[in-house]
Amino acid sequence: MFLDNDFRLKAGLAEQLKGGVIMDVTDADQARIAQDAGAVAVMALERVPADIRKDGGVARMASIRKIRDIMATVSIPVMAKARIGHFAEAMVLQALKVDYIDESEVLTPADEEHHIDKRAFPTPFVCGARNLGEALRRIAEGAAMIRTKGEAGSGDVVEAVRHMRAIREQIRQLTVTERNALSTCAKNLQAPLELVEWVAKEGRLPVPNFSAGGIATPADASLVMSLGAEAVFVGSGIFKSEDPSRRAKAIVKATTFFSDPDKLLEACEDLGEPMQGLDVSKLDESELLQTRGW
Amino acid sequence: MRVGVLSLQGDFEAHSRRLSDLGAEAVEVRYGHQLEEIGGLVLPGGESTTNLILMEEERLWEPLQRFVGQRPVLGTCAGAILLARDVSNPSQPSLGAIAMSIERNAYGRQADSSIRTVEPEREFTERTRGGPLEAVFIRAPIIRSVDPGVTVLLRDGPDPILVEQGRHLAATFHAELTTDTRLHELFLDKVGRG
C-alpha cells in the first residue's frame, strides 16, 4: 500500500507547509529575506527560472556550496531541484540532507523517458503536473507533494490556472464515476487503478496539491488558492521584482487571506514594479518548460 | 462547543477535521475578534516563524495573549513552540503560556523526522484510555526543561512530548496526522470545563 509510514512522514511535512509560500532563492541573502517575509520554505537554485530562460544552456542542480550556505542561514525547510530522471543529483541532495527534492522541469531533463524512482529515497519529493494522470503517475513513483507546473519563469499565471482547474475537474469527475468504470478511467488517465480508486473515494489527491509556475503578484496567489491550491510556490516573481522583501510579505499575506477582499487590497498596495513577464501564448512550443516530463 | 483553530498557516485543516469528528464546532481563526466567540483554541503545526510574522502583521499578538490568560489552548509542534516560555535554535518571541524551554528542529532536518510508538504515562491513560500511542515527529522541537507545576503526560524516552500546565496542553508531535483521537478528546474535556 502506498500510504505506509515512510510515505506519511514525507506527506506530513507537506501538510505543515499548507497555506504558505515557498520561495525560490539563489543565495543566502535572498533566503534570509524570504524567511523574514514569512516564507514557509525556500527552494535553493542556481538561477531563477526567468534567468534560466534568458541565459539558455544546460540548467543543473545548484552548487553544493550555495545549498549549504542557504541551509546554514535559515531555520525553515530548504528544498532543492534535481533534473527530471537525474537520480544521481537526487542522491547528492539527499546526502546533503535537504528537506525536500523537487524533480523539476525547470532544469534541463536528464532522462526523456524515466522519472526518478522516488520510493527509493527517504527524502520526500515534489513533482510538477499538468493534469490528474500526470499527478498520479508521479505519486505512484513516490512523490509526496504535487505542484501544478504552470509555466515557470513567465510571470504569466494562465498555465498555473489551467493546470489547477484541470486537476480539480478531473478529480470531481472521478467522484461521480461508478466503481465499475474506474478501471477504464485508470486506463485513460494512464495511472494506477489503486490511486484512481482512492481519489474517486476521497475526492482529493492523496498528497498536498500546491500551485506553481507564473505566480507573480498577491492577486495571483489569491487566485490559485481560491481555485483549490493548498500552498503556492513563487519562483522569479519575488526576486525579479523591484522590491522583493515587500512583494514577498504581500504574497504571504494574500495566501493566508486569499478570500478576504480588504486584506487582499492591503497586500496589493505600494508594491513597486512586478517582474516583467512573458505572455505564454506568444511563446514558441520549444520554449515551454511544462512539456518536459510526462 | 465552539473551538477555534488558528488558521494563518499550517496543518489547521487536519485539526479542524479531527475536532469536527469529535462533535465540536471547529472555527478557522484568522482575526482577533473571532477569539471572543470560541471556548478554546488550537495552535496547529506549521512554520512558527511564518505564524509569528503573520500574528505580528495582523495584530493578533495581544488578543492571543489575552486569550491564553482566559481559555484553554492546545499547541502542536510549531504551536507548542508558540506556547513555550523560552525558545531556542534560534530564540524567538512566544506566548509564554507554559513554563518550559523548547528547542526548535531539535532532532535535525526532515531526514531525522520519524514515527514512533510511545507508552503513555498513567495520568494520560486514566483521563483518556490505555494503549500505546503513535507519535508523528516532523522537524519536531524537543522540550528541554519544564518548571515544577508542569505535568508531563507523555514521554519519548527521557523527553516530555505532551505537557500540561493549568488549562493548556502542548505536544511536540502531530496527533492530527494519526487516527488516535485521545489528545483532542483530552483537550475538548478541558474546553468543556472552561
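What you are looking at is a predicted structure, and each value in this text was computed from that prediction instead of being measured.

**Student:** Explain the interface of chain B and chain A to me, using residue names and the numbers behind them.
**Tutor:** Each partner contributes to the interface: chain B provides 36 residues, whereas chain A provides 34 residues. Each partner contributes to the roughly 2,700 Å² buried at the junction of chain B and chain A, and carbon and sulfur atoms together form 52% of this total. Close ionic contact of B:Arg139 with A:Asp99 constitutes a salt bridge, the shortest N to O distance being 3.0 Å. Looking at the side of chain B that touches chain A, the elements that each hand over two or more residues are helix H2 (48–57), strand E7 (114–118) and strand E8 (133–137) of chain B. Among the elements that line the side of chain B that touches chain A, the one with the most residues is H2(B), at five residues. The residue inventory of the side of chain B that touches chain A, partitioned by class, reads 11 nonpolar, 13 polar and 12 charged.

**Student:** Got a sec to walk through the side chain of B:Asp159? Specific residues and values, please.
**Tutor:** Within the secondary structure, B:Asp159 is located in strand E11 (residues 159–165). Once you skip the residues sitting within four places of it in the chain, B:Asp159 turns out to touch B:Ile142 and B:Leu154.

**Student:** I'd like to hear about empty space enclosed by the protein, residue by residue, with values.
**Tutor:** Taken as a whole, this structure holds three cavities of 30 Å³ or more when the rule is applied. Of the volumes computed, that of the largest cavity is approximately 190 Å³. Going through the elements one at a time, strand E4 (100–104), strand E8 (232–234) and helix H11 (236–239) of chain A are the ones with two or more residues in the lining of the largest cavity. In this structure, the second largest cavity occupies an estimated 120 Å³ of space. B:Gly46, B:Glu47, B:Cys77, B:Asn105 and B:Arg139 are, among the 13 residues lining the second largest cavity, the residues nearest its centre. Elements supplying a minimum of two residues to the lining of the second largest cavity: helix H1 (5–16) of chain A together with helix H4 (78–83) of chain B. When the residues that make up the lining of the second largest cavity are grouped by side-chain class, the tally is six nonpolar, four polar and three charged.

**Student:** I'd like a rundown of the pattern of salt bridges, residues and numbers included.
**Tutor:** One side chain can pair with another of opposite charge once the charged atoms of both are near each other. Residues and elements named next belong to chain A. Counted under the stated rule, the structure contains 48 salt bridges over all chains. A salt bridge links Glu151 to Arg53; the shortest N-O distance between them is 2.4 Å. Linking Glu151 in the loop between strand E6 (145–148) and helix H7 (158–175) with Arg53 in helix H3 (residues 49–55), this pair joins segments that are 98 residues apart in sequence. For Glu151, a relative accessible area of 0% gives the class buried. Here Arg83 makes a salt bridge to Glu89, at a shortest N to O gap of 2.9 Å. Each of the salt bridges in this network shares a partner with another, and the network as a whole consists of Lys81, Asp102, Glu105 and Arg147.

**Student:** Explain the sheet that holds strand E1 (residues 21–25) of chain A residue by residue, including any values.
**Tutor:** Read from one edge to the other, the open sheet built from eight strands follows the order E7-E6-E5-E4-E3-E2-E1-E8 (chain A), with strand pairing classed as parallel. Looking at which strands have only one partner, the edges of the open sheet turn out to be strand E7 (209–210) and E8 of chain A.

**Student:** Pulling in residues and values, what's your account of the layout of surface pockets?
**Tutor:** Considering only enclosed or pocket space, the largest pocket measures out at about 890 Å³ in volume. Secondary structure elements with two or more residues in the lining of the largest pocket: H1 and H7 of chain A together with helix H1 (12–21) and E8 of chain B. Within the lining of the largest pocket, the residues separate by chemical class into 12 nonpolar, seven polar and 13 charged.

**Student:** Describe the packing of aromatic side chains, and please don't skip the residues or the numbers.
**Tutor:** Residues and elements named next belong to chain A. All told, the structure shown has five aromatic pairs over all chains when counted by the stated rule. Between Phe210 and Phe233, the aromatic rings sit 6.3 Å apart at their centres with planes inclined by 50°, giving tilted as the arrangement. Here the residue Phe210 occupies a position in strand E7, and Phe233 occupies one in strand E8, the gap between them amounting to 23 residues. Each member of the pair, Phe210 as well as Phe233, carries the same accessibility label: buried.

**Student:** Hey, could you go over helix H12 (residues 244–256) of chain A for me, with residue numbers and the actual values?
**Tutor:** An α-helical segment advances 3.6 residues per turn. Residues three or four places apart therefore align on the same side. Residue and element names in this part refer to chain A. Over its 13 residues, H12 extends 18 Å from the first C-alpha to the last, a length consistent with the 18 Å expected when each residue adds 1.5 Å. Burial analysis of H12 places 10 of its 13 residues in the buried class, the great majority of the element. Among the residues making up H12, those that are buried are Pro244, Arg247, Ala248, Ala250, Ile251, Val252, Lys253, Ala254, Thr255 and Thr256.

**Student:** I'd like a description of the packing of helix H6 (residues 132–140) of chain A against helix H9 (residues 193–202) of chain A, backed by residues and values.
**Tutor:** Residue and element names in this part refer to chain A. At a minimum axis separation of 10 Å, H6 and H9 run at an interaxial angle of 120°. Compared by their axis directions, H6 and H9 come out oblique. In the crossing of H6 with H9, the sense of the turn from one axis to the other is right-handed. Across the interface between the two elements, Leu136, Ile139 and Ala140 from H6 touch Leu195, Val196 and Val199 from H9. Along the lines of polarity and charge, the residues of the contact of H6 with H9 split into six nonpolar, no polar and no charged.

Thresholds, definitions, all that
Once a new chain begins, its residue numbering starts again from 1 and follows that chain's sequence as written. As they are written, the chains are lettered A onward and the ligands numbered 1 onward, keeping that order. Given that the model is predicted, a residue must reach a pLDDT of at least 70 before its local features are reported, and side-chain atom pairs must reach 80 or more before they are shown or counted; all residues, however, enter totals for whole chains, interfaces and linings. To obtain the side-chain values, all non-hydrogen atoms of the structure were included, while hydrogens and water were left out. Any two residues having at least one pair of non-hydrogen atoms within 4.5 Å are treated as being in contact. Buried area counts how much accessible surface, traced with a 1.4 Å probe, disappears from two parts once they are put together, with both parts' losses summed. Note on definitions: salt bridges are taken to be side-chain nitrogens of Lys or Arg within 4 Å of carboxyl oxygens of Asp or Glu. The secondary structure listing takes helices from DSSP runs of H or I that are at least 4 residues long and strands from runs of E that are at least 2 residues long, numbered from the N terminus. Under the convention adopted here, Pro, Cys and the residues Ala, Val, Leu, Ile, Met, Phe, Trp and Tyr are nonpolar, Asp, Glu, Lys and Arg are charged, and Gly plus all remaining residues are polar. Cavity means a closed set of points on a 1 Å grid over the protein atoms alone, one where a 1.4 Å probe fits but cannot get out, pocket means an open set with protein on both sides within 12 Å along at least 5 of 7 lines, and lining means a residue has an atom within 4 Å of a point. Grid points are joined across faces, edges and corners, and a volume is the space filled by probe spheres set on the points. Accessibility here uses a 1.4 Å probe with only protein chains present; expressed as a share of the type maximum, an area under 20% marks a residue as buried, one over 50% as exposed, and anything in between as partly exposed. Two strands pair under a simple rule: DSSP has to find at least two bridges between them. In this analysis, rings of Phe, Tyr and Trp, with Trp reduced to its six-membered ring, are considered paired at centre separations within 6.5 Å, and the interplanar angle assigns stacked below 30 degrees, edge-to-face beyond 60, and tilted for intermediate values. Between the first and last residue of a helix there are one fewer steps than residues, each counted as 1.5 Å, and that sum is the expected span. Between N-to-C directions, angles cover 0 to 180 degrees, with each direction set by a line fitted to C-alpha atoms, over the stretch in contact for helices. Orientation categories follow fixed angle ranges, with anything under 35 degrees roughly parallel, anything over 145 roughly antiparallel, 65 to 115 roughly perpendicular, and all other angles oblique. Crossing handedness: left-handed means the near helix sits turned counterclockwise from the far one by under a right angle, and right-handed means the same turn made clockwise.

These figures capture arrangement, not role.
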